[in-house]
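Below, each chain spelled out in residue letters.
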Amino acid sequence: MTERKFITDSEIEIKEIYTGENSNEMPGEFPYTRGVQKDMYRGRLWTMRQYAGFSTAEESNKRYKYLLANGTMGLSVAFDLPTQIGYDSDHAMSEGEVGKVGVAIDSLKDIETLFDGIELEKITTSMTINATASTLLAFYIALAKKQGADIKKISGTIQNDILKEYAARGTYIYPPKPSMRIITDIFEYCSKEVPKWNTISISGYHIREAGSTAVQEIAFTLSNAKSYLKAALDKGLDIDVFGQRLSFFFNAHNNFFEEIAKYRAARRMWAKMAKDMGAKNPKAMMLRFHTQTGGATLQAQQPENNIMRVTLQAMAAVMGGTQSLHTNGFDEALSLPTEAAARTALRTQQIIAYESGVVDTVDPMGGSYFVEALTDQIEAAAWAYIEKIDAMGGSVAAIEQGYMQREIADASYKYQMAIEREDKIIVGVNKFGSSKDIMPPLLRVDDSIRIGQMEKLKQLRADRNNELVRTGLSQIKQAATDGANVMPLIIDAVENYATLGEIADTFRDVFGEYRA
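What counts, and at which threshold
- Here the residue index of a chain counts from 1 through its sequence in written order.
- Since the coordinates come from a predicted model, pLDDT governs what is reported: local features require at least 70, and pairs of side-chain atoms require 80 or more to be given and counted, while whole-chain, interface and lining totals use all residues.
- Hydrogens are left out, water is left out, and the side-chain values use all remaining heavy atoms of the structure.
- Runs of E in the DSSP output that reach at least two residues are strands. Runs of H or I that reach at least four are helices, and both are numbered from the N terminus.
- Two things to know: the radius of gyration comes from C-alpha atoms, and the globule rule equals 2.2 Å times the number of residues to the power 0.38.
- For every residue, the accessible area (1.4 Å probe, protein chains only) is compared with the maximum for its type, and the residue is labelled buried under 20%, exposed over 50%, or partly exposed between those bounds.
- We call two residues in contact when some of their heavy atoms are within 4.5 Å.
- The Shrake-Rupley method, run with a 1.4 Å probe, gives the accessible areas here. Residue values count only the displayed protein chains as cover.
- In this tally Asp and Glu are treated as negative and Lys and Arg as positive; neither His nor the chain ends contributes.
- Each charge is placed at NZ for Lys, CZ for Arg, CG for Asp and CD for Glu.
- In this scheme, patches are assembled from residues that exceed 30% relative accessible area and form no salt bridge. Like charges are connected within 9 Å, while nonpolar side chains (Val, Leu, Ile, Met, Phe, Trp, Tyr) are connected within 5 Å.
- Any Lys or Arg side-chain nitrogen found within 4 Å of a carboxyl oxygen on Asp or Glu counts as a salt bridge.
- DSSP-based pairing: two strands are paired if at least 2 bridges between them are found.
- Only Phe, Tyr and Trp rings take part, Trp by its six-membered ring, and two of them pair if their centres are within 6.5 Å. Stacked means planes under 30 degrees apart, edge-to-face means over 60, and tilted covers everything else.
- Cation placement over rings: the criterion is NZ of Lys or CZ of Arg within 6 Å of the ring centroid and within 35° of the ring normal.

For the rest of this paragraph, the subject is the overall build of the chain. Along its length, the chain carries 20 helices and nine strands. Its C-alpha radius of gyration of 23 Å places the chain within 12% of the 24 Å reference for a compact globule of 516 residues. C-alpha atoms of the chain, sized along the principal axes, occupy 70 × 60 × 55 Å. When burial is assessed residue by residue, the chain has 58% of its 516 residues classed as buried. Once local pairs closer than 6 in sequence are excluded, the contacts in the chain between residues at least 24 apart make up 77%. As displayed, the chain offers around 21500 Å² of accessible surface, 51% of which is attributable to carbon and sulfur atoms. A distance of 2 Å separates the average location of the 58 positive side-chain charges in the chain from that of its 67 negative side-chain charges.

Given below as structure tokens:
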């Protein structure tokens, strides 16, 4: 097989890697500043994902099939708020929110519909779910078994990062310590039974969406990661095994060079952190990450400008070495993305991959005086935050003391004040406005969705074996009380069609609910 040549449009051959005279760092080698793979995108492009989920499982299934037909390489599932905080669609707390910001999932029946006609062994699926991650993973595993898949071969990611919920986002249920315990149960179960599954995606994305700086995003994310490592080590897990299944999730904002430097610094910091905590396997020291373009950067004014913002952010993520990427629809400041906006967002990634040439060499910004200096400066500032958090007793203690929350709030306030003073220009918002903004067609989710979900739940409870469900929930409660691993019991319960809300309520009975 002849090795492919990479050339410019002027037929200048492009080398795999460019180095300066004093460069001693190479891609694919510790500390991975320049990338986790030796050949990066010359060998394989990043996974192009589109985050989607709205209304019912039936409607979301249609969108998934559309995206797969248009070149998406993996699915990324958005869940509605009731699903995220452990309420069935017929619960009083679900009113007005069913199917609005994601798909409504109450039971295994909904998951069966969501992935109807999609073979789980042939795709990767990322699920943005945290407090109820154990139950959603159980639904997915149960469906894979029903499809006849080998669960040791299914692959994907659950976000499962509860610490950032307390610090930045708010969709937590239980207090931090029992939440951490459920997470380590997932680590333990998956390391044996679902070895290709990424058991946590440690998220800086939502920290940045809440208003943090780029430095705070990676500092707080890596500090949280350190807490997860410690919890897993305390449970007796092998860092060289479970460390390979950790992944990260970062934001991409508009400051092009700062974003590239942020990703490079984060890789280097994680490699050092994992090594210091005992990792010997190189794969356990490699920071692999998914990126989503910045939702908070999207503007309702002149929404077509968001296409350029998303392009700039996606380019930074690619030049920073992401393993997976989601690009936002330009209309998402106004509604869930329409089909047309989702297609444009996906095409943005494909144009970067196949037309821009930035994928033809590894770490194309490596050696830039500016980017290298910025990488060092971001790293130093992030370590300073981590050392301060360590002195407080780690992330859990820092969150309980409100430290991360205050730092994020202060950064958000300063950013907004800069916009209002016009020290920071947002095109179309505080400068270059227009009285003739063109409003695109919007996707709206009707409140009647809840009625349909309630009918499904009523039928489900009439058809299932309720005695088996009661027994399963009782076993989960006992395991939660005794400290046994809850994952096998959750899977048994969902296979008998216990609902997400029933399982969450069982944990509420044992652990209580967290109040900030």
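Take a nonpolar patch on the surface next. Where nonpolar side chains cluster on the molecular surface, the patch consists of I425, V427 and F432 and spans about 270 Å² of accessible area. Position of I425 among the secondary structure elements: in the loop between α16 (403-420) and α17 (449-463).

Turning our eyes to something else, we now look at unusual backbone geometry. Note: most residues except glycine have negative phi, and most peptide bonds are trans. Residues F30 and P31 are joined by a peptide bond in cis, for which omega reads 5 degrees. A positive phi angle, near 45 degrees, is found at M40, a position not held by glycine. Relative accessible area serves as the criterion here: at 9%, M40 is assigned to the buried category. Positive phi values are uncommon outside glycine, yet Q302 reaches one of about 45 degrees.

The next subject is the sheet that holds strand β1 (residues 47-52). Strand order in the open sheet formed by nine strands is β5-β4-β3-β2-β1-β9-β8-β7-β6, with parallel pairing between adjacent strands. Only two strands of the sheet have a single neighbouring strand rather than two, namely β5 (197-198) and β6 (200-203). Pairing geometry for strand β2 (residues 74-77) and strand β3 (residues 124-127), over three bridges, is parallel. Paired with S76 across the two strands is S126, which belongs to β3.

Inspection of every chain in the model, using the stated rule, returns 34 salt bridges. Among the ionic pairs, E217 bridges to R208, the shortest N-O distance being 2.9 Å. Summarising the burial analysis for this pair, E217 and R208 share the class buried. Notably, a salt bridge pairs R268 with D376, separated by 2.6 Å at the nearest N-O pair. Linking R268 in helix α10 (residues 256-276) with D376 in helix α14 (residues 369-392), this pair joins segments that are 108 residues apart in sequence. Taken together, the shared-partner salt bridges in this structure form one network comprising E25, R268, K272, D376 and E379.

The next subject is the packing of aromatic side chains. Taken as a whole and judged by the stated rule, the model has 21 aromatic pairs. Ring centres of F256 and F257 lie 5.3 Å apart, and the angle between their planes is 80 degrees; this geometry places the pair in the edge-to-face category. Residue class for F257 comes out partly exposed when judged on its relative accessible area of 31%. The interplanar angle of 5 degrees and the centroid separation of 5.8 Å between the aromatic rings of F507 and F511 together place this pair among those described as stacked. Placement of both F507 and F511 in helix α20 (residues 500-511) is noted, with a separation of four residues, approximately one turn of the helix. Every member of this aromatic cluster is reached through a ring pair, and the members are F248, F250, Y263, W270 and F289. Lying over the aromatic face of Y497, K109 brings its terminal NZ or CZ to 5.3 Å of the ring centre.

Position of P440 among the secondary structure elements: in the loop between α16 and α17. Take P440: its relative accessible area is 13%, and that puts it in the buried class. Residues P440 and P303, spaced 137 residues apart in sequence, show a C-alpha to C-alpha distance of 8.0 Å. Not counting residues within four places of it along the chain, the set of residues in contact with P440 comprises P303, F330, D331 and L334.

Remember that the coordinates give geometry; whether it matters functionally is a separate question.
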